[in-house]
Every structure is written in structure tokens, then in C-alpha cells.
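Listed below are the residues making up each chain.
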Amino acid sequence: MIAHGVAKSERAIVGHVGVLGSTSIALEDPVVGRDVLELVSSAMYVDPMTVYREYVQNATDAIEEARRRGLLGATELGRVEIAVDPSTRNIRIRDNGSGIGWPEFARRLTALGASVKRGTSARGFRGVGRLAGLGYAQELVFRSRIPGEDLVSELRWDCRRMKAAFRSSEPDSGVATLIRSIVTVERVAAADHPDRFFEVELRGILRLRNDRLMSPTAIAEYLSQVAPVPFAPDFRFGPEITEALRQNVDLGNLEIVVDGVDGPVFRPHRNQFVADDKRTITFEDVEFVTVPGIDGETAAVGWILHHAYEGAIPSGSLYKGLRLRSGNVQVGDHASLEELFPEPRFNVWSVGEIHVIDRRIVPNGRRDHFEQSAHFHNLINHLTPTARDIARRCRTSSIRRKWLREFDLHHSGVMERLGIIRQGSLARAKRDALVVSLEPTLLQMEKIAGMSVLSDDGPDELLKMIRRLRAEIAAAVRGVVPEASPLARLPPRRRSMYEHLFSLVYECSANRVAAKALVDRILDKLNAAGDENIVTGRIKKAVAKDVRARKAVAKKGPIGKTRAKKVAVQKVSRKKRP
């Protein structure tokens, strides 16, 4: 009997999974626990700033819906206003999209994963993005109004009660019961609200990660990267990119204004950037990319800004890395495609965007990447050559900079030895040996200048520089030990002694620059001492002459003095005669 009962039970279980001829068992209603609400709200998003992306993305969909329905004029901008109130720690995000009418207001804003956008061209379609703010505020409030309504629809989520329920050890009565207990819906006076709008207000924002959620600057910088906002007017490649992608992607159709930030939010791209070594690097040109789909249609389009590729793009520029976008909203971050590069570090040397337009390439729930599929892998395969081309440019630039640095080092070495020759401090044999030692260095510089990798750096200029060096060396050899040199005024033996001393200084010093500076100081001392000796010699000669004159007068005696006076008087008298 027991065996028979077990067999019957097994047949029942198998029957439930659909074996032909078996008996089906009716299941009770599945239990959807309250933890589901936590999973689709705060637990889904790693970066709190994604709250702004989700609400701006929903606003963009609502604005495009309003445009399709004729509620927004063809020339009227879609607008999103973000108000930040530090005193109350409240944030309000309002758009001028289609809004939600009262009959469906509560149902749509309390539904989990039941979006009316699925199957449309809208960016969001899972019906969970509106819940992104539940984990970061004490209260989440939605308001909306459409033309013809006198009152504003308002729905409030009590986030504190929700979190308390998550921590509770009481039996789980299901997510629907929890939502009924923490959500209130009402209609309120219109006051100063627009005729058509939708807004979400996060009240009592929590302090997280340097309180970036409450920073207008941080909000604007984040949205400039991820939101569908236009390029800055002074970005010279903006019109070209917009026109090239216009057929597949509508760029810059949203105006976002953040309280505390001057002007609307623009994309962060500029004509140039300041590298980590403080040099200014200018973008040179833009390259466009088209990725075919599996069936021959276009899967993605993109653009890449090329520059000198002399190093990584600084993080402060906000646009480093090859990035992915869907519906002109960023998916993932700057590192999403770094695996395509032979060396991942070269990804942050690049600047570019790939806009996915194939609806079968779908962002995952958190929008930090795309769902794995054959269409997505086709996209990756076609982007790999683009990443390799960028890596090749980076390597070529690195090699070019290496040889230019070596050329500069050789040039500095030649100039140091040329300075020693001009100094005139060495004997002829040592000087000639120093001149001969320059030739291998000059030949190496000529070899570097002739490399094909330096063809873009003006090899003719490098060769001209070498020719100038040769001319300066020849001129220095001809004019060695000029008359102004203190060594030129020394006796030959003493001059030879100094030349030998200076030669020893250069031979024994590990630093030629320091050795030359020491010899220069010694020559300065010799020069100063030589000037003093000249003055002293003149004084000594004058004194000696005076002494000899006095002695001669003393030898003549009184008579001699008288006679000398008479001679002097006679000379004066002759001069006075007419």
C-alpha cells in the first residue's frame, strides 16, 4: 500500500509538469513576498546617482509621447527641471511631458514590472525605474496633471515604514499588502502647478557618498554624461556628429536645468582637454562607425574623437572611454567596452560613443550593461577592430614619443658638450677629442629623424636642427679661447696648468652640467682676479715712477732745487710770450 501510494504521488507530481495522460494539480496562488519590493528598488542600483538617470529617462519618454500626441510643439523643447532644497533635503524633478491622468495614476505608479511601455520604442519598459528613489529618501511623492483636470493627482510612498517592514520578523503577508500599507493617493489643489506636468519629489534625502545626491554640480555632471542632452554650442564637432547620426539617433532633444547651476546641462565634450602633465591637447578629427546587424540591418552607429593619444583622458573631463548608449541614454560607464582593447588601459585614452539602435540588443535591468544575446555578441565582434585601431594609435604614439624623447636627450647632450667647447677651458687635444665624440651622437639623431614613425612630427625640422648643431660646433671650434677669456691673458705654462685642471674636473665628475658650472665659476674668479691685477699693476707703476722722481730731486740738493725752479719759470715764461 505504501509503495502504491508513493507511485500515485509520483504520478501526480509528474502530471503537474505535463506528462501525457497524467493528472494535473491545481496550485494555490503564488506568494510574492515583500522582499521583492526591496529587490526592484534600492537593491537593484549600485550607484545612488542612477536615481537621476531613471527619472530623467522616464521624463524623456513622456516628452516624446507628448510630442507624438501633439501636446508638445515641434519646435518646443522638452524640459526637465531639477530643484534642490538643502534646507529640507528635498529634490523635485519635473517634466513637461504627457503626464498621467487620474483614472490610471494610482495603478501605474504602484505596479511592479507591469509597464505599459513594453513593446514600444520607449527607453524604459520594465516598470521598476520609478521605484529607484525608495531606498534613498524618507518619502517618495509623485504628482501629475493633464489638460482638462482641475486637480493634481498625488501619490506618496512612506519609505520609513517600508524599511521597517523589511526589518520586521512578522510573517510576510505579501508585497501587495505592504504597498497598501505604505502608499496613500489623493487629489490636491492645482495651486501653481502647470496644466500638464509630471514630477517626482524625494523628501528627506539620505546622506550617502559625500552627499552627492544633494550636490547641484554633481547632479549636472552626472546627467551631462548619461542623459540625452545636446552638445555644448562651442564644441566644434557637435553639429557634424549630430548631422551624421540624425537618421538613426535624435541627439540633444532635451533641456535639463538644475537649480544652482548656470544654464542648461550640456554634454561634457569640448574641443580640447588638459592632460595630467598640464599640456593642452586638441581633438583633431572625428571618425564615424556603423555596425551591421545579423540580418544586414544597422545595429549601431557611433563616433570617435581622435587626438594625439599621448596618454589617458583625465577623469575630470567626464568623457573618457568608449561608451555605450541606447535611446541616447548611457548604458553602463566608461569601462563597459574596455575588454575589447588588447590592453584595457587604452580604453581610457579614447573618446567616443556607440549608439545601439537594434531593439533586439536590450539593456539589462540595472542598465549597467546589455543582456547577453547573439545580437549583442555580433555588436561586440564588429566593435573589436575599432578598439584595436585605437590601441594601434596609442602604441604608435607611445613609440613616437619614446624616440622623440631619445632625440631630445641626444640634443641636450650635444648642447652640454658644445657649451664646454665654447667655454674654452680645455687644451686643444681634449677639445678635439670632445668634438670627435659628438659625431656618433649626431649620427644617431639623424637615424631617429629618418624613422617613418616620426613622419607626422616633421623629420625635416629634426634634420634642420641637426644641421644647425653641426654649424654651431664648427663655429665654436674656430673661435675657441676668445680674447675675452681669462685663460688668454695667462702665461702659457699657467694656462696649460688650468686646462689640465679643467680636463680632470670633467673627467672625474659624474654630472657634466655640474662640472661645467664649477669651471664657469673658476673662470669668473680668474677673470675678476685678472682685472684686479691690471689695476694694481698700474697703481704700482705710478707709485714707482713718483718714487723715482722724488729720489732724483733729493740727489740734486738745494741748488738743484733752485735750478729746477728756474727752469720751470723759464718754461712758463716762454709759453706766455706772444
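**Side note on the overall build of the protein**
When helices and strands are counted, the protein shows 13 helices and 14 strands. Burial status across the protein gives 43% buried among its 578 residues. For the protein, contacts bridging at least 24 residues in sequence account for 73% of all contacts bridging at least 6.

**Examining the pairing of strand 7 (residues 254-258)**
Here strand 7 shows a buried face lined by Leu-254, Ile-256 and Val-258 and an unburied face lined by Glu-255 and Val-257. In the sheet, strand 1 (residues 78-85) pairs with strand 7 via 5 bridges, with the strands oriented parallel. From the neighbouring strand, Gly-78 faces strand 7, where its bridge partner is Leu-254.

**Observations concerning the environment of Glu-64**
Relative to the elements of secondary structure, Glu-64 occurs in helix 3 (residues 50-68). It is 9.8 Å that separates the C-alpha atoms of Glu-64 and Leu-254, two residues lying 190 residues apart in sequence.

**Here we look at the nonpolar core**
Counting 54 residues, the largest nonpolar core has Leu-37, Tyr-52, Ile-82, Phe-142, Trp-157, Leu-223 and Ile-256 as its most contacted members. Per-element accounting of this core gives the leading share, 7 residues, to helix 3. Sequence-distant contacts of Ile-82, that is, excluding residues within four places in its chain, are made with Tyr-52, Ile-91, Arg-92, Ile-93, Ile-219, Leu-223, Ile-256, Val-257, Val-258 and Asp-259.

**Let's talk about helix 5 (residues 159-167)**
The periodicity of an α-helix, 3.6 residues per turn, causes residues three or four places apart in sequence to face the same way. Those residues of helix 5 that sit buried are Cys-159, Met-162, Ala-165 and Phe-166. For helix 5, the buried positions fall inside an angular range of 120° around the axis, keeping them on one side. Exposed side chains of helix 5 directed beyond 90 degrees from the buried face belong to Arg-160 and Arg-167. At its buried positions, helix 5 is contacted by helix 2 (35-39), strand 3 (139-145), strand 4 (151-158) and helix 6 (175-182). Looking at where helix 5 begins, the residue whose side-chain oxygen comes 3.2 Å from the main-chain nitrogen of Arg-160 is Asp-158.

**Points about the packing of helix 3 against helix 7 (residues 216-226)**
With their axes 10 Å apart at the nearest point, helix 3 and helix 7 run at an angle of 55° to one another. Taken together, the axis directions place helix 3 and helix 7 in an arrangement best described as oblique. Helix 3 and helix 7 meet at a crossing whose hand is right-handed. Where helix 3 abuts helix 7, its residues Thr-50, Tyr-52, Arg-53 and Val-56 lie against Ile-219, Tyr-222, Leu-223 and Val-226. Taken together, the residues of the contact of helix 3 with helix 7 break down into 6 nonpolar, 1 polar and 1 charged.

**Quick look at the environment of Asp-368**
Residue position: Asp-368 is located in the loop between strand 14 (351-356) and helix 9 (374-423). Using a relative accessible area of 32% as the deciding quantity, one classes Asp-368 as partly exposed. Here the alpha-carbon distance between Asp-368 and Ser-336, two residues 32 residues apart in the chain, equals 8.1 Å. Once you skip the residues sitting within four places of it in the chain, Asp-368 turns out to touch Val-331, Gly-332 and Ser-336. Of note is the side chain of Asp-368, whose polar atom sits 2.7 Å from the side chain of Asn-364.

**What to know about the sheet that holds strand 12 (residues 321-326)**
By definition, the strands of a sheet pair up through backbone hydrogen bonds, in either a parallel or an antiparallel sense. Spatially, the 5 strands line up as an open sheet ordered 10-11-14-12-13, and their pairing is mixed. Both outer strands of the open sheet, strand 10 (285-292) and strand 13 (329-331), are each paired with one neighbouring strand and no more. Mean inter-strand twist for the sheet, computed between neighbouring axes without regard to direction, equals 30°. The sheet contact formed by strand 11 (residues 298-306) and strand 14 spans 6 bridges and is antiparallel. Its bridge partner lying in strand 14, Leu-305 is registered against Val-351. In the packing of helix 9 onto the sheet, contacts are made with strand 10, strand 11 and strand 14, and the angle to strand 10 comes to roughly 155°.

**Observations regarding the sheet that holds strand 2 (residues 90-95)**
The strand order 5-4-3-6-2-1-7 describes an open sheet built from 7 strands, whose pairing is mixed. Lying at the two open borders of the sheet, with one neighbouring strand each, are strand 5 (183-189) and strand 7. Across this sheet, the average inter-strand angle for adjacent strands is 15°, counted without regard to direction. Examined bridge by bridge, strand 3 and strand 4 share 6 bridges and lie antiparallel to one another. Across the sheet, Phe-142 pairs through a bridge with Leu-155, a residue of strand 4. Running at roughly 20° to strand 4, helix 4 (residues 102-110) makes contact with strand 3, strand 4, strand 5 and strand 6 (197-203) of the sheet.

**Description of the packing of aromatic side chains**
Applying the stated criterion across every chain yields a total of 8 aromatic pairs. Where Phe-346 meets Trp-349, the ring centres are 5.2 Å apart and the plane angle is 85°; that geometry is what we call edge-to-face. Overall, the relative accessible area of 1% leaves Phe-346 in the buried class. In textbook terms, an aromatic cluster arises when at least three aromatic residues are bridged by ring pairs, as seen for Phe-231, Phe-235, Phe-237 and Trp-303. One residue, Arg-94, lies across the ring of Phe-197, its end atom 5.3 Å from the ring centre.

**Looking at helix 6**
Within helix 6 the residues assigned to the buried category are Val-175, Leu-178, Ile-179 and Ile-182. Buried residues in helix 6, looked at end-on, bunch into an arc of 100°, giving them a common side. Buried residues along helix 6 sit in contact with helix 2, helix 4, strand 4, helix 5 and strand 5.

**With respect to the confidence of the model for the protein**
Per-residue confidence for the protein gives a mean pLDDT of 82, with 80% of residues at or over 70. For the protein, the element scoring lowest by mean pLDDT is helix 1 (residues 2-16), at 44; strand 2 scores highest, at 97. Note on residues 1-16: pLDDT under 50 across the span, and 11 contacts to partners over four residues away in sequence or across chains.

**Some remarks on unusual backbone geometry**
At Ala-191, a position not held by glycine, the phi torsion is positive, near 50°. By the secondary structure assignment, Ala-191 is in the loop between strand 5 and strand 6. Looking at Ala-191, the relative accessible area reads 70%, which means it is exposed. Positive phi is not limited to glycine here, since Lys-278 has a value of about 75°. Position of Lys-278 among the secondary structure elements: in the loop between strand 8 (272-274) and strand 9 (280-282).

**As for the side chain of Ser-144**
Residue position: Ser-144 is located in strand 3. A polar contact is formed between the side chain of Ser-144 and the backbone nitrogen of Ile-100, at a distance of 2.8 Å. In this structure the side chain of Ser-144 is engaged in a polar contact, spanning 2.9 Å, whose partner is the backbone oxygen of Phe-197. With residues near it in sequence (within four places) discarded, Ser-144 still touches Gly-99, Ile-100, Phe-105, Val-152, Ser-153, Phe-197 and Phe-198.

Reading guide: rules and limits
- Positions within a chain are numbered from 1, following the residues in the order the chain's sequence is written.
- Local features are withheld for residues below a pLDDT of 70 in this predicted model, meaning they are given only at 70 or higher, and side-chain atom pairs are given and counted only at 80 or more; totals for whole chains, interfaces and linings count all residues.
- With hydrogens and water set aside, each side-chain value is computed from the structure's full complement of heavy atoms.
- Secondary structure follows DSSP: runs of H or I at least 4 residues long count as helices, runs of E at least 2 residues long count as strands, and numbering of each begins at the N terminus.
- Burial classes: relative accessible area under 20% of the type maximum marks a residue as buried, over 50% as exposed, and values in between as partly exposed (1.4 Å probe, protein chains only).
- The contact rule is simple, with two residues in contact once any of their heavy atoms fall within 4.5 Å.
- Two strands make a pair as long as DSSP finds a minimum of two bridges between them.
- In this description, a nonpolar core means a group of buried Ala, Val, Leu, Ile, Met, Phe, Trp, Tyr and Cys residues linked to one another through side-chain atoms lying within 4.5 Å.
- The directions from the helix axis to the C-beta atoms are what the arc is built from.
- The definition of a polar contact used here is a pair of N or O atoms within 3.5 Å, where within protein one atom must be able to donate a hydrogen and the other to accept one, and adjacent residues in sequence count solely through side-chain atom pairs.
- To obtain an axis, a line is fitted to C-alpha atoms, over the contacting stretch when the element is a helix, and the angle between two such axes runs from 0 to 180 degrees between their N-to-C directions.
- Angular relationships are summarised with four words: roughly parallel below 35 degrees, roughly antiparallel beyond 145, roughly perpendicular across 65 to 115, and oblique for the angles in between.
- Two helices cross in a left-handed way if the nearer one is turned anticlockwise from the farther one by less than a right angle. They cross in a right-handed way if the turn is clockwise.
- Under the grouping applied here, Gly and all other residues not named as nonpolar or charged are polar, the nonpolar ones being Ala, Val, Leu, Ile, Met, Phe, Trp, Tyr, Cys and Pro and the charged ones Asp, Glu, Lys and Arg.
- Two aromatic rings from Phe, Tyr or Trp, using only the six-membered ring of Trp, form a pair when their centres are within 6.5 Å; if the ring planes differ by under 30 degrees the pair is stacked, by over 60 it is edge-to-face, and anything between is tilted.
- A ring is scored as having a charge over it whenever the NZ atom of a lysine or the CZ atom of an arginine sits within 6 Å of its centre and within 35 degrees of its normal.
- pLDDT is a per-residue confidence score from the predictor, ranging from 0 to 100.

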